[in-house]
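# A look at the structure
Chain by chain, the residues run as shown.
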Amino acid sequence: MEYDFLIVGAGLFGSVFAHQAKKAGKKCLVIDKREHLGGNIYCENVDGVNVHKYGAHIFHTNDKEIWDFVNSFAEFNRYTNSPIASHEGTLYNLPFNMNTFYQLWGTRTPQEAQKIINEQVAQYGFQQPKNLEEQALSLVGKDIYEKLIKGYTEKQWGCPATQLPAFIIKRLPLRFTFDNNYFNDKYQGIPIGGYNKITQGLLEGIETKTGVDYFKNKETLDSKAQHIVFTGKIDEYFNFQYGKLSYRSLEFKHQTLPMENYQGNAVVNYTSSEVPFTRIIEHKHFEFGSQKSTVITREYPLQGSTSNEPYYPINNQDNNNLYVKYKQLAQATPNVIFGGRLAEYKYYDMHQVIGSALSKSKKVLSSL
């Protein structure tokens, strides 16, 4: 066999695994169906702006080991995620904090804001919420729910909040400080020069092939390596024999504009149900750009399905039960390592993908 590992998918999990395998002296071939490396963190340079082609990616973690790991491939800037919400022409700060409460009610102290929230929860809340709407009303009250949660959530999921299970929002953090930093993590930023620097660093010296459909060449590709690292859809690997898992999907519409600054912020969420997209990303603000033009991306939710590009697993009871069946098949499949969001049917942030890949590669490589 030519290779120790065939890695199917050049996204973050596959790239980290390949990097660790190379460090251990193993020979890898990394393939991807897309015409580029990097998976969903891929950036395209448009007029000097690094465009996040598959949605905004902001790196954040509390794990110093993972932070040091990514910083060994690229220097990170000081970008802090502070999204804005737009509802019927009025702007609000996110996450829900004292700035938001002031914009909603003119409250100036935590006690004033807490009093209004408590009163609304008492009036509109439910002791045993049966759906997402009742859950949200029980956590934050009517104003925050109707202006900042309801329309956005219904667009994302493609159905009324009253038809969504309550467990989707187990909690809604309320900050009684004037703090617009979306994440609580100690480390946060964007790689200077874009995420492609991370991918290039991880895959340096490793053979890669793009535009390769694994399933059209599976037998030939499998014969080239002793072990397979599969990061695609786990149900597809097993030919959907128990049925298809469902995913939420997105459509990205990119636009280059002849102006220096379109919206003044990297991320603006549109929470009204009348607006068809969920948010507008202005990419240059991730890296504090001063280019003469700007690139924006409108994100449109696509109905949860089994056919659209998969982004977010729909972890309801039916899908989770179906995944268990595929996981049992995976555990009984020798020499194939399943990893990443699609192969594990689990939502991962970037730092969690890296942590999973580091852990799994260490376990596999130590057993060889």
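Conventions adopted
Residues numbered from 1 in each chain as written. Predicted model: local features only at pLDDT ≥ 70, side-chain atom pairs only at ≥ 80, totals over all residues. Heavy atoms only, no water. Phe/Tyr/Trp six-rings, centres within 6.5 Å; stacked < 30°, edge-to-face > 60°. Helix = DSSP H or I, 4+ residues; strand = E, 2+ residues; numbered from the N terminus. Buried < 20%, exposed > 50% of the residue type's maximum accessible area, 1.4 Å probe, protein only. Lys NZ or Arg CZ within 6 Å of the ring centre and 35° of its normal. Core = buried A, V, L, I, M, F, W, Y, C linked by side-chain atoms within 4.5 Å. Contact = heavy atoms within 4.5 Å. Pairing = 2+ DSSP bridges. Axes fitted to C-alpha atoms, helices over the stretch in contact; angles between N-to-C directions.

### Observations concerning the packing of aromatic side chains
Here a ring pair, both rings aromatic, is described through the centre-centre distance and the interplanar angle of the planes. Tallying each qualifying case throughout the model produces 27 aromatic pairs. Centroid distance W67 to Y187: 5.5 Å. Interplanar angle 15°. Geometry classified as stacked. Taken together, the residues W67 in helix α2 (residues 64-71) and Y187 in strand β8 (residues 187-189) connect sequence positions 120 residues apart. With 5.1 Å between their ring centres and 75° between their planes, Y270 and F277 make a pair best called edge-to-face. Residue classification places Y270 among the buried residues on the basis of a relative accessible area of 18%. For F277, a relative accessible area of 12% puts it in the buried group. Among the aromatic residues, those joined into a ring-pair cluster are Y214, F215, F230, Y237, F238, Y242, Y326 and F338. Over the ring of F288 we find R78; its NZ or CZ atom is 4.5 Å from the centre of that ring.

### A word on the nonpolar core
Among the nonpolar cores identified, the biggest contains 46 residues, and F5, F59, F286 and I354 are the most heavily contacted of them. Within the residue set of this core, elements represented by two or more residues are β1 (3-8), α1 (12-23), β2 (28-32), α2, α7 (196-202) and α11 (350-366). When residues of this core are assigned to their parent elements, the largest contribution, 7 residues, is made by α11. When residues no more than four places from it in sequence are discounted, the contact partners of I354 are L12, V16, F59, I66, F69 and V70. By size, the runner-up hydrophobic cluster in this structure holds 26 residues, among which are L29, V212, I314 and A330.

### Comments concerning the sheet that holds strand β9 (residues 207-210)
Two strands in a sheet stick together by hydrogen bonds in their backbones, pointing the same way (parallel) or opposite ways (antiparallel). Pairing in this open sheet of 5 strands is parallel, and the strands run β9-β2-β1-β10-β16 from one edge to the other. The open sheet has two free edges, formed respectively by β9 and β16 (336-338), since each of these has just one partner strand. Neighbour to neighbour, the strand axes of the sheet diverge by 20° on average, direction disregarded. In terms of strand pairing, β1 meets strand β10 (residues 225-230) through 5 bridges, oriented parallel. Following the sheet pairing, L6 is matched in β10 by I228.

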